[in-house]
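Now for the letters of each chain:
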Amino acid sequence: MKTKSGDFVLPGDALGVTEEFVPAEWTFEDQGKIRSLVAGTVTLDNKNKRISIIPKTNSPSILKNGLVVYGQISEVRGQRALMKIEGAKDTNRSLATNFSGGIHISQADKGYVAKLTDEFRIGDLVDARVTKVLGLDNVDLTTAENELGVIKAMCTNCRSFMKQVSKNEVICPDCGRKERRKISSKYEG
Ligand SMILES: [Zn+2]
C-alpha cells in the first residue's frame, strides 16, 4: 500500500493503515485498513495524517454518515435488527449496491429498550439514519429520533399493514391484533 495524492482508486481499494492515517471523506475502516468507498482520486494530507477521496462523480449514490435511508426489516434477533436498505431519503438515485443495515437495541429508541421485538418486526418499513459505514455493503443505523422509526408496520399474524393507535402502538385492520413499535412521527396510516 503506497497510495499517494492523485492516485485513482476504485471502491474497496486499500489506501493505508489506521496506525498511520485517519480515514476521512469517502473512506471506511476495515480491520485496520483504510479503504475507498467510491471511485475517485486520493487526497493524502500528510500533516494531519488524513486520507480522503474526491469522488469521480459529483454525488455518488452511496451511503455516508448522517444520511437518512429507508428500507424493510428482514430480521429481528436479540440485540440487533437487520434492514434491507432500498434508498436514501433526500435523493432520487437508487443505491449502487444492495446495502444492509443493522440497528442495535441501544440505537432503536431514545430511552431504554427491553425487547427489540417491541420496536420492529419483519416486514416493517423503516426510516433510519446512518451512523457508521462499516464496509461497501454494510452500515450501522439509528432510529432514536422522533421522525425516524417504523413508517408502516406489518402485522405478525396476517402480514397486513397496521394503523397507529397511540405513540407506540399499532392495530391490524384485518385481525384486530395490537402490537408495539418504535413509530416514526411520519407514520403512514
Ligand atoms: Zn393482522
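Above this text is the structure in question.
Residues numbered from 1 in each chain as written. Predicted model: local features only at pLDDT ≥ 70, side-chain atom pairs only at ≥ 80, totals over all residues. Heavy atoms only, no water.

Caption draft 1: Expanded view of the sheet that holds strand 16 (residues 178-180). Overall, antiparallel pairing links the three strands, which are arranged 14-15-16 in an open sheet. Each edge of the open sheet carries a strand with a single partner, namely strand 14 (163-166) and strand 16. The sheet shows a mean angle of 35° between the axes of neighbouring strands, direction not considered. (Pairing = 2+ DSSP bridges. Helix = DSSP H or I, 4+ residues; strand = E, 2+ residues; numbered from the N terminus. Axes fitted to C-alpha atoms, helices over the stretch in contact; angles between N-to-C directions.)

Caption draft 2: Main features of the environment of Leu 116. Relative to the assigned elements, Leu 116 resides in the loop between strand 10 (100-104) and strand 11 (125-135). Of the residues examined, Leu 116 reaches a relative accessible area of 4% and is grouped as buried. Beyond its immediate sequence surroundings of up to four residues, Leu 116 is in contact with Val 76, Gly 78, Gln 79, Arg 80, Ala 81, Ile 103, Ile 105 and Ala 108. (Buried < 20%, exposed > 50% of the residue type's maximum accessible area, 1.4 Å probe, protein only. Contact = heavy atoms within 4.5 Å.)

Caption draft 3: View of the sheet that holds strand 7 (residues 50-55). Pairing in this open sheet of four strands is mixed, and the strands run 1-6-7-3 from one edge to the other. Lying at the two open borders of the sheet, with one neighbouring strand each, are strand 1 (8-9) and strand 3 (22-23). Two elements, strand 3 and strand 7, share two bridges in a ladder whose sense is parallel. Looking at the pairing, Val 22 lines up with Arg 50 of strand 7.

What is shown is where atoms sit, not what they do.
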